[in-house]
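# Geometric and topological summary
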Amino acid sequence: MTSNAVFLQPAFILQQRKYRETSFIIDALTRDFGRVSLLAKGVRKTKSQTAGLLQPFRPLNLSYFGKSELKTLSNVEMIKPYDQLQGLALYCGFYVNELITCFLHKYDPHPEVFELYETCLSCLLEPSKIEMSLRIFELDLMATVGYGLQLDYDCFNNKAVHSLANYHYNEEQGPIESQDGLYSGKTLLALKSRALNDSQTLHEAKILMRA
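For clarity, every value in this text was computed on a predicted model and none was experimentally measured.

Where helix α3 (residues 130-144) contacts helix α5 (residues 199-210), the two axes come as close as 10 Å, and the packing angle between them is 40°. If you check the angle between α3 and α5, you find them oblique. Crossing angle aside, the handedness with which α3 passes α5 is left-handed. Contacts between α3 and α5 involve Glu131, Met132, Arg135, Glu138, Leu139 and Met142 from the former and Leu202, Ala205, Lys206 and Met209 from the latter. Partitioned by chemical class, the residues of the contact of α3 with α5 number six nonpolar, no polar and four charged.

The following block contains the structure:
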């Protein structure tokens with residue numbers, strides 16, 4: 001990297017939108033520089049082969065330059081072959097992209113999130129791992145940006161979460177034991193250890209993460 005240019009930065013395209021007649025404005029997740037906004041000039045011209053590369057979920061090397069917040073894309077390369085997400089996995093991939101867009105500020109480096117994202121995309125390729133991989137990504141993303149959940153201790157009652165008890169979840173205090181609680185201690189502990197391997201745990205985990 002120079003003061004105004006970045007070369008061959010590993011990246012994924014999060015989203016794109018048309019700009020004027022022949023260009024795109026792209027939101028990309030880079031390994032070392034976080035989310036960046038790029039102007040891809042002329043890539044929608046008939047003879048351009050670049051537009052075909054600038055698609056979500058493809059592992060790319062991007063080069064770009066500029067002093068303003070909107071950088072100019074200068075080069076794009078495919079890093080390696082990849083398996084295209086399809087069906088439900090594709091839908092979930094776009095959901096993950098939205099999470100990153102909402103949680104990460106632009107130009108705030110989070111190389112660990114880049115690694116989490118790569119791992120999540122790989123897991124989405126296996127239908128049996130889709131739901132589990134989404135919950136783990138949600139948890140790890142929140143923890144990485146400073147919003148990690150308290151899952152294994154009931155601060156209100158000053159005791160550890162027990163797998164056979166039920167709990168409500170308070171966003172300020174964490175789990176609170178209650179006979180009519182929505183979440184089993186088993187589910188909370190499974191979320192803590194990222195061991196989501198049964199249908200009840202996955203169902204309760206989805207409800208909690210949506211909340």
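A few words now on the sheet that holds strand β4 (residues 60-65). Taken together, five strands build a closed barrel; the order of strands is β1-β2-β3-β5-β4 and the barrel is mixed. Direction aside, the axes of adjacent strands within the sheet are offset by 55° on average. Both β4 and strand β5 (residues 70-78) contribute to a ladder of six bridges, which runs antiparallel. Directly across from serine 63, in β5, lies its bridge partner asparagine 75.

Further remarks concern unusual backbone geometry. A negative phi angle is the norm for most residues apart from glycine, just as the trans form is the norm for most peptide bonds. In the Ramachandran plot, asparagine 158 falls in the positive-phi region, its phi being about 55° despite a non-glycine side chain. Structurally, asparagine 158 can be placed in the loop between β6 (153-154) and β7 (159-160). Taking relative accessible area as the criterion, asparagine 158 reaches 58% and is therefore assigned exposed. If you check the backbone angles, arginine 194 has positive phi at about 60° while not being a glycine. For arginine 194, a relative accessible area of 27% translates into the label partly exposed.

The tally for this structure, following the rule as stated, stands at three aromatic pairs. Between phenylalanine 12 and tyrosine 117, the aromatic rings sit 5.1 Å apart at their centres with planes inclined by 65°, giving edge-to-face as the arrangement. You can see phenylalanine 12 sitting in strand β1 (residues 5-19) and its partner tyrosine 117 sitting in helix α2 (residues 111-124), a full 105 residues away along the chain. The class of phenylalanine 12 is buried, set by a relative accessible area of 4%. Exposure remark for tyrosine 117: the relative accessible area of 0% places this residue in the buried category. When the ring of phenylalanine 57 is compared with that of phenylalanine 94, the centres are 5.1 Å apart and the planes differ by 65°; the resulting orientation is edge-to-face. Of the two residues, phenylalanine 57 is situated in the loop between β3 (34-40) and β4 and phenylalanine 94 in helix α1 (residues 87-103); the sequence distance between them amounts to 37 residues. A residue is classified by how much of its surface remains accessible, and phenylalanine 94, at 37% relative accessible area, is partly exposed. Chaining the aromatic ring pairs together yields one cluster made of Phe12, Phe114 and Tyr117.

Conventions used here
- Residues numbered from 1 in each chain as written.
- Predicted model: local features only at pLDDT ≥ 70, side-chain atom pairs only at ≥ 80, totals over all residues.
- Heavy atoms only, no water.
- Axes fitted to C-alpha atoms, helices over the stretch in contact; angles between N-to-C directions.
- Helix = DSSP H or I, 4+ residues; strand = E, 2+ residues; numbered from the N terminus.
- Parallel < 35°, antiparallel > 145°, perpendicular 65-115°, else oblique.
- Left-handed = near helix turned anticlockwise from the far one by under 90°.
- Contact = heavy atoms within 4.5 Å.
- Nonpolar A, V, L, I, M, F, W, Y, C, P; charged D, E, K, R; others polar.
- Pairing = 2+ DSSP bridges.
- Buried < 20%, exposed > 50% of the residue type's maximum accessible area, 1.4 Å probe, protein only.
- Phe/Tyr/Trp six-rings, centres within 6.5 Å; stacked < 30°, edge-to-face > 60°.

So far we have only geometry, and geometry alone does not tell us how the molecule works.
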